Amino acid sequence: RSSAASDVYKRQEQELTALQQDLSIKLREMEDKMQTDIRASVLTYLEKYKEQGIDLVIDFSSNSNALMVNESFDISEEVILGLNEAYQLEKTKD
C-alpha cells in the first residue's frame, strides 16, 4: 500500500510542478503583453510632442544610459498626467 500511496504522491507532485511551470509561462506572457501595450500607449501619446517641437524624449530610468538631464527638459510629470487622463477617458468609453 505504501508503494501505491508513494506513486500517487509522486504523480501529484509532478502534476503540481507542471502546473507551476505552465502558470509561470502564462504570467510571463501576460507581463510581456502588458509591457508591450503600455509602451505602445506611451509612444502613441508622445507623438503629440513632435508638434510642439520636441525632437527627442529620453528614458531616464535606472537602466538608461542618460546619467544627468537638466530638470527644465523633464516632461515626465506632464506625460504621466496626460497618460492617466487618456486612460480615464478610454476607461469611461468601455
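About the thresholds
- Residues numbered from 1 in each chain as written.
- Predicted model: local features only at pLDDT ≥ 70, side-chain atom pairs only at ≥ 80, totals over all residues.
- Heavy atoms only, no water.
- Helix = DSSP H or I, 4+ residues; strand = E, 2+ residues; numbered from the N terminus.
- Rg over C-alpha atoms; globule rule 2.2 N^0.38 Å.
- Buried < 20%, exposed > 50% of the residue type's maximum accessible area, 1.4 Å probe, protein only.
- Areas by Shrake-Rupley, 256 points an atom, 1.4 Å probe, with all protein chains shown as cover.
- Lys, Arg positive; Asp, Glu negative; His and termini not counted.
- Charge placed at Lys NZ, Arg CZ, Asp CG, Glu CD.
- Polar contact = N/O pair within 3.5 Å; in protein donor to acceptor, adjacent residues only side chain to side chain.
- Contact = heavy atoms within 4.5 Å.
- Salt bridge = Lys/Arg side-chain N within 4 Å of Asp/Glu carboxyl O.

### Quick word on the overall build of the chain
Right, so step 1: Within the chain one finds two helices and zero strands.
Right, so step 2: A globule of 94 residues ought to have a C-alpha radius of gyration of about 12 Å, yet the chain, at 24 Å, is considerably larger.
Right, so step 3: Principal axes of the C-alpha set define a box for the chain whose edges measure 80 × 40 × 15 Å.
Right, so step 4: Across the 94 residues in the chain, those meeting the buried criterion constitute 7%.
Right, so step 5: Accessible surface, the chain as shown: approximately 8900 Å² in total, 54% of it carbon and sulfur.
Right, so step 6: Separation between the mean location of the 11 positive side-chain charges and that of the 19 negative ones in the chain comes to 11 Å.

### So, the side chain of Ser 64
Right, so step 1: Here Ser 64 lies in the loop between helix H1 (2-46) and helix H2 (76-93).
Right, so step 2: At 2.5 Å, the side chain of Ser 64 forms a polar contact with the backbone oxygen of Asp 59.
Right, so step 3: Within the structure, the side chain of Ser 64 is placed 3.0 Å from the backbone nitrogen of Ala 66, a separation counted as a polar contact.
Right, so step 4: Not counting chain neighbours up to four residues away, the residues in contact with Ser 64 comprise Ile 58 and Asp 59.

### Some words on the pattern of salt bridges
Right, so step 1: If you walk through the whole model with that rule in mind, you get three salt bridges.
Right, so step 2: One salt bridge in this structure joins Lys 26 and Asp 22, with 3.4 Å as the shortest N-O distance. Residue Lys 26 and its partner Asp 22 are located together in helix H1, separated by four residues, close to a single helical turn.
Right, so step 3: Accessibility expressed as a relative area gives 34% for Asp 22, which makes it partly exposed.
Right, so step 4: Between Asp 37 and Lys 33 there is a salt bridge, with the nearest N and O atoms lying 2.7 Å from each other.

None of this, on its own, says anything about what the molecule does.
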